[in-house]
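Remarks on the overall topology
Take a look at the letters that make up each chain.
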Amino acid sequence: MPILFGLGIVLYAILAYFIRDWRWLTAIVSFPLFACLGFNWIIPESPRWLASKGRISEAEDILYYIGHRNGKPLTKAQVSLSSPNKGAKQDRQYQVMDCFRTPELRKRMLINILTWFTCSMVYYGLTMNASNLGDNMYISVALSGLVEIPAYIACIVYVNRAGRKRMLCASLLLGGAACLIFTVLPKEIEENNATVGTSLALIGKMGISAAFCIIYIYCAELLPTVLRNSGMGVCSMAARFGGIVAPEIVPMGDFLAYLIFGSFAFVSGILSTRLPETLNQPLPDSIEDVENAPSGGNNAKVTLDDENVVQAMEEKLTMLDAEEKT
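Cut-offs and rules
- Residues numbered from 1 in each chain as written.
- Predicted model: local features only at pLDDT ≥ 70, side-chain atom pairs only at ≥ 80, totals over all residues.
- Heavy atoms only, no water.
- Salt bridge = Lys/Arg side-chain N within 4 Å of Asp/Glu carboxyl O.
- Buried < 20%, exposed > 50% of the residue type's maximum accessible area, 1.4 Å probe, protein only.
- Helix = DSSP H or I, 4+ residues; strand = E, 2+ residues; numbered from the N terminus.
- Phe/Tyr/Trp six-rings, centres within 6.5 Å; stacked < 30°, edge-to-face > 60°.
- Contact = heavy atoms within 4.5 Å.
- Axes fitted to C-alpha atoms, helices over the stretch in contact; angles between N-to-C directions.
- Parallel < 35°, antiparallel > 145°, perpendicular 65-115°, else oblique.
- Left-handed = near helix turned anticlockwise from the far one by under 90°.
- Nonpolar A, V, L, I, M, F, W, Y, C, P; charged D, E, K, R; others polar.
- Polar contact = N/O pair within 3.5 Å; in protein donor to acceptor, adjacent residues only side chain to side chain.
- Expected span 1.5 Å × (residues − 1).
- Arc of directions from axis to C-beta.

Moving on, we come to the pattern of salt bridges. Summed over the entire model, instances satisfying the criterion amount to 6 salt bridges. With a shortest N-O distance of 2.9 Å, Arg-55 and Glu-58 are connected by a salt bridge. The class of Arg-55 is partly exposed, set by a relative accessible area of 34%. Between Arg-164 and Glu-221 there is a salt bridge; the shortest N-O distance is 2.9 Å. Here the residue Arg-164 occupies a position in helix H8 (residues 164-183), and Glu-221 occupies one in helix H10 (residues 194-222), the gap between them amounting to 57 residues.

Below, the structure written as structure tokens:
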């Protein structure tokens, strides 16, 4: 699906070439958005969110519906959930400020806010500045959309192999490095060989496009279910601020614009190394799950301090050994 985003930019450049009146162009590209109004009645609610709120029967109905639509031979009796929260915890109403009350969750939120802001600012900034690259602004904008396609394909192929954290950091550092290298290009090369500058700008666009694609998945997996909607909303708001700032940076000139874009992307990439890996890890349901999660990623070791739990595990292993011998 992200590939369609890049194709949309290519299509927009083609439409702009044939429709020179910006009012008609805006009206034509905005018309398909009315179809999104029907999503509220088509897309079901998240079963995990419903279960976390104690609405077990609704979550079970949606899971049964999903299984039925996927061709799974399920009966309603086979879809059974238990509430992860007990008693008064189900009635707890979480607020946006709860995203910042505990240290680990606060760290994740602040890094994600900066990363979302950076991805939006750099992405839209490079897209807007694409018209200043090369001799034909329509071709340049179309190319800025085309380079997103290999970035999205790389995400699809490697995000479940290399992991979200590595892919995000590598994408941000790649985009930031390309933008920073652009600022130190000798004047002679920039004037006599525009291909070098254009290539660096497109590489920067490729890197930030991959980062923008990954951050949606990664951020959702970093946040607990009870605050996932609120946390994603805060991060998305930060991204909108980045989109607001981008048009103000582009007129500053290539040197200053690419310096700002590259610096923010590079810093965000380094800070993202402080986040845990979420690949093949269970999604956190509560704030306690986030705070008690091991910080070492997939290779982290879990220490069992409860003697009763340890004893029960040892008894279970002893029983399994006895069954194998018999």
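Attention shifts here to the packing of aromatic side chains. Given two aromatic rings, their pairing is described by the distance between the two centres and the angle made by the two planes. Taken as a whole and judged by the stated rule, the model has 11 aromatic pairs. Consider the rings of Phe-5 and Tyr-123, whose centres lie 6.0 Å apart with planes at 65°: the pair is edge-to-face. Of the two residues, Phe-5 sits in helix H1 (residues 2-18) while Tyr-123 sits in helix H5 (residues 103-129), which places them 118 residues apart along the sequence. With a centroid separation of 5.4 Å and 85° between ring planes, the pair formed by Tyr-17 and Tyr-138 is classed as edge-to-face. In this pair, Tyr-17 sits in helix H1 while Tyr-138 sits in helix H6 (residues 137-146), placing the two residues 121 residues apart along the sequence. Ring pairing ties together the aromatic residues Phe-5, Trp-116, Tyr-123, Tyr-124, Phe-212 and Tyr-216, which thus form one cluster.

Within the secondary structure, Asp-98 is located in the loop between helix H4 (56-69) and H5. On the accessibility criterion, Asp-98 (5% relative accessible area) is buried. Contacts of Asp-98, omitting those with residues within four sequence positions, involve Arg-92, Gln-93, Leu-105, Leu-227 and Ile-287.

Next up on the list: the packing of H8 against H10. Running from N to C, H8 and H10 point in directions that differ by 155°, and their axes come no closer than 7 Å. With respect to H10, the axis of H8 lies roughly antiparallel. Here H8 and H10 pass one another in a crossing that is left-handed. Residue composition of the contact of H8 with H10, grouped by class: 16 nonpolar, 5 polar and 3 charged.

Now for the side chain of Thr-118. Mapped onto the fold, Thr-118 is located in helix H5. On the basis of relative accessible area, Thr-118 is assigned to the buried category, the value being 0%. Of the polar contacts made by the side chain of Thr-118, one reaches the side chain of Ser-268; its length is 2.9 Å.

With that settled, the discussion passes to H4. Taking 1.5 Å per residue as the helical rise, H4 with its 14 residues ought to reach 20 Å, and the 20 Å between its terminal C-alpha atoms agrees with that figure. For H4, the complete set of buried residues consists of Ile-56, Ala-59, Ile-62 and Gly-67. Projected down its long axis, H4 carries its buried residues within an arc of 135°, all on one side. Set apart from the buried face of H4 by more than 90 degrees, the exposed residues are His-68 and Arg-69. Buried residues in H4 make contact with helix H3 (47-52). Positive phi appears at Gly-71, one or two residues downstream of H4, with a value of about 80°.

Such coordinate-based values are descriptive only and should not be taken to indicate function.
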